[in-house]
Amino acid sequence: MMPEPLRVRSLRRETADTFTVSLDVSDRPGGFPFQPGQFNMLYAFGVGEVAISISGDPARPGELLHTIRTVGSVTEALRRVGRGGRMGVRGPYGRPWPLEQARGLDVVVVAGGLGLAPLRSAILHLLRHREAYGRVSVLVGARTPEGLLYRRELDRWRADPRLKVLVTVDQAGPEWKGHVGVVPALLRDVEMEPSRTVALMCGPEVMMRFTVRELERQGVPDSRIHLSLERNMKCAVGFCGHCQLVPLFVCKDGPVLSYDRLRPFINLREV
Amino acid sequence: MPEAVKERFVLSVEGLEALLVALRGDGWRLMGPTVRDGAIDHAEIRGVVDLPRGMTEVQEAGTYRLARREDGALFGYSVGPRSWKHLLFLPKLRLFRAHRQEEGFQVEPESTEPPRLALIGARSCDLHAIAVQDRTFLEGPYKDPDYAARRERLFVVAVNCGQAGGTCFCVSMKTGPRVTSGFDVALTELLEGGHRFLAEPGSERGAALLARVGAVPAGEPDARAADAVVERTARSMGRAMDTTDIKELLYRNLEHPRWDNVAERCLGCTNCTLVCPTCFCSTVEDTTDLLGGVAERWRRWDSCFTLDHSHLHGGSVRHATRSRYRQWLTHKVASWWDQFGTSGCTGCGRCITWCPVGIDITEEVAAIRATDGARPGA
Amino acid sequence: MASPLPPLEEHPFLRGLSPEQVKAIACDVREVSFPAGALLLREGDEAHSLFLLRSGRVSLELTVPGQGPRQLESLKAGDILGLSWLFPPYRWHLDARAVEPVEAFALGAACLRGPSPEHPVLEPALAMRLLRQLYERLERVRMQRLDVYEAAR
């Protein structure tokens, strides 16, 4: 439960309010192993802790990456730590994306906004073990073109024949040559065999609910639709009680949860 | 269920004092019931002298009053406002200190040697509550080190309840009134035919202690008298809760109009969660000294009745009182089963007694059961 | 672009209809193409056609004074474009620009509406399909309107 101070190796701005921080784990034997979809608690000295997904390549534990959106005092303080400073880290926590169970199946990755951060690790894993999976599609949505994460990497993925990458934004000026519209609308262009498809999804809850509905309409089984949820978290280990979603602790039962477990609760108000 | 008479002893009031003295001599701090601030509370005691002799209480929804009883009973009450929770799961705990250094900071873990506590007069509901909290803090994938350390240093002298409080319903929750596990010595106070205690060891060290203080084997009549005390208590529960399929009942009634009804009464004051012996929510506070050189992280009790509890950047997930009360009650008697394989309610009745507006968990569950499946506006 | 584009009756909007129904709906049909950047519809112009997109992408645009054109939604192969011919005054109320070269069928509005412009009688199959397209578009607009990526701020 103690944060381990790690040096900020580099800090890169992604969008107006997000940045990616690389932490130095060279002093740790074996680096910082994690599974795609897991998160860490990041601590800003004297300010507080916040749960942040790990965005790096799971096959390269020597590099610990987090993409952080500055939305409050803790994330703002983490940004101010700057290169060479230290932030506290404890983790990794939570259940990962079910990439083993997805072997042999078509995979649809659906990311909205900052939701691409925890899915980046999954995409890198899928690319590294590409032959183990069927068709792999990556759908990415953001509010505006400027709000897209990892734009250079997105371009690289788009050029990669092993992936089908579809990007959409809610609003755009005339200079944007890509798609405009909501994420579920992209599903029509995805090649998959619905009954043999696994969906991995992270983004605003409303976006995920609409996307789930479209996936269900197309025949993807509930048990193969996986959502990464966000809830208030203080401890990350199932003690503090904050992240409960009726029977589930998002920190230890999630953050990745299959839709068949979520369905009884996710459409209820204020649970 | 009556047990064999073997392993049952009789202890006089003097014998009890000897037992307490022996425990103190062995280095245990005695924590027991004592009259304080108009209630029978758990605090440090010296011996029999500090016990609430001749005192009892009257409990009802939203009501707690001390009262006298004529028989000089030492444990003649049911449960006070506090269980033992605050001794194991501290209301406020420093998790670590961090020191700023030239390059970043260093974290200094807490090293505490918790006290060895002897709980005197623990009731069955509260011992069940400790077992329930064990599942949260010790039996999951992670262990809470502070709780674990405190939990290891306990000696338990339990008491079988000689009376049921007005808000008690342990019989419904199958948590009492007879103490069945988690104790070193269990006492039943016998008042007729001479003030004495029937004592049963629950552990080897409990048996050794009884032998040391000269407890004599109990005869059949005393054993039967003790059983009669517990049976009478079991028959006089102030409340009852029908727990048949209770998880499914609540899960299928998450949109029941009763939640709106209770929200009109609930003040969101958090009293129920504070007095509840199983509520485990906590939050953290981070502070720095004035120079910013030393930072501390504290954990303190939290309540699902606060807006901050479900706060996400931008707003609270459970904004309405209705949602927060629903979270508390549903968690307590339904989702707790999914999470920990047990009910989160022990039937101690504290949430009923200490609710300033007298909201009664048994009444709320009964109201939902009576109109199972009702929908808002129906 | 090796494979030829599917014929009219294979367009998702018409797929599954009987040859008679297709004939009734598409009594006046032209194959049209637009280079990238061209306007398929221009706000204020007469709404004369229903476009069935066969390839490429079209952006629905609205010009906001001071901000220039804003892209509202993309439409692509399989989508339909242009419904303002349904009701008077039969004027486009958006711009639609080809973002990529576009191939489409243009179905003549006069024939779609039926013999009497004042009281259009739509082929029932056409009416249901238009309704469905409109409903799906409404769902998308609702979601877009929620501004989900910013809602948490």
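Here the structure is shown first, and the text comes after it.
Residues numbered from 1 in each chain as written. Chains lettered and ligands numbered in written order. Predicted model: local features only at pLDDT ≥ 70, side-chain atom pairs only at ≥ 80, totals over all residues.

> Mind laying out the overall build of chain A, listing which residues take part and the relevant values?
When helices and strands are counted, chain A shows 5 helices and 15 strands. The C-alpha radius of gyration computed for chain A amounts to 18 Å, which stays within 12% of the reference 18 Å derived for 271 residues, consistent with globular compactness. Along the three orthogonal principal directions, the C-alpha set of chain A runs to about 50 × 45 × 35 Å. For chain A, the proportion of its 271 residues judged to be buried stands at 56%. When contacts within chain A are restricted to residue pairs at least 6 apart in sequence, those whose partners lie at least 24 apart make up 70%. (Helix = DSSP H or I, 4+ residues; strand = E, 2+ residues; numbered from the N terminus. Rg over C-alpha atoms; globule rule 2.2 N^0.38 Å. Buried ≥ 20, exposed ≤ 12 C-beta atoms within 10 Å, placed from the backbone. Contact = placed C-beta atoms within 7 Å.)

> Help me get a handle on the interface of chain B and chain A, residues and values and all.
Across the boundary between the two partners, chain B contributes 44 residues, which contact 33 residues of chain A. Listed by contribution, the elements that provide at least two residues to the side of chain B that touches chain A are β6 (92-100), β7 (105-109), α3 (124-137), β13 (282-288), β15 (311-312) and α11 (321-340) of chain B. Grouping the amino acids of the side of chain B that touches chain A by side-chain chemistry returns 19 nonpolar, 19 polar and 6 charged. (Nonpolar A, V, L, I, M, F, W, Y, C, P; charged D, E, K, R; others polar.)

> Which residues make up the pairing of strand β4 (residues 48-53) of chain A, and what are the values?
By the criterion of burial, β4(A) is predominantly enclosed, with 6 of the 6 residues buried. Here β4(A) shows a buried face lined by A:Gly48, A:Val50 and A:Ile52 and a second buried face lined by A:Glu49, A:Ala51 and A:Ser53.

> Residue-level account of the pairing of strand β1 (residues 9-12) of chain B, with values.
All names here are of chain B. Residues Phe9 and Leu11 line the buried face of β1, whereas the alternating positions Val10 and Ser12 sit on a face that is not buried. Of the pairings in the sheet, the one linking β1 to strand β11 (residues 196-201) comprises 4 bridges and is antiparallel in character. Opposite Leu11, over in β11, you have Phe197 as the bridge partner. Here β1 runs beside strand β12 (residues 216-217); their pairing, made up of 2 bridges, is antiparallel. Across the sheet, the residue bridging to Phe9 is Pro217, located in β12. (Pairing = 2+ DSSP bridges.)

> Can you break down α11(B) residue by residue, with the values?
Each α-helix winds once per 3.6 residues, and so residues spaced three or four apart point in a common direction. Residues and elements named next belong to chain B. Most pronounced at His331, the bend in α11 amounts to some 60°. Taking burial as the measure, the 20 residues of α11 include 16 buried ones, the bulk of the element. Phi turns positive one or two residues past the end of α11, at Gly341, with a value near 70°. (Bend = angle between axes of the 7 residues up to and from the residue.)

> I'd love a proper account of the packing of helix α9 (residues 258-265) of chain B against α11(B), names of residues and values included.
Residues and elements named next belong to chain B. Running from N to C, α9 and α11 cross one another at 105°; their axes reach a closest spacing of 8 Å. Judged by the angle between their axes, α9 and α11 are roughly perpendicular. Residues Trp259, Asp260, Val262 and Ala263 of α9 form the contact with α11, whose participating residues are Thr321, Arg322, Tyr325 and Arg326. Residues of the contact of α9 with α11, tallied by class, amount to 4 nonpolar, 1 polar and 3 charged. (Axes fitted to C-alpha atoms, helices over the stretch in contact; angles between N-to-C directions. Parallel < 35°, antiparallel > 145°, perpendicular 65-115°, else oblique.)

> Describe the sheet that holds strand β14 (residues 294-301) of chain B, naming the residues involved and giving the relevant values.
The strands making up a sheet are joined through hydrogen bonds of the backbone, oriented either antiparallel or parallel. All names here are of chain B. Pairing in this open sheet of 4 strands is antiparallel, and the strands run β7-β6-β14-β13 from one edge to the other. Both edges of this open sheet fall to β7 and β13, since each of them pairs with a single strand only. In this sheet, adjacent strand axes meet at a mean angle of 25° when their direction is disregarded. Of the strand pairs in this sheet, β13 and β14 are connected by 7 bridges, and their pairing is antiparallel. Across the sheet, Thr283 pairs through a bridge with Arg300, a residue of β14.

> Would you mind going over the environment of C:Ala36 in detail, with residue names and values included?
One can find C:Ala36 in the loop between β1 (29-34) and β2 (39-41). Taking the C-alpha atoms as reference, C:Ala36 lies 4.5 Å from C:Glu100; in sequence the two are 64 residues apart.

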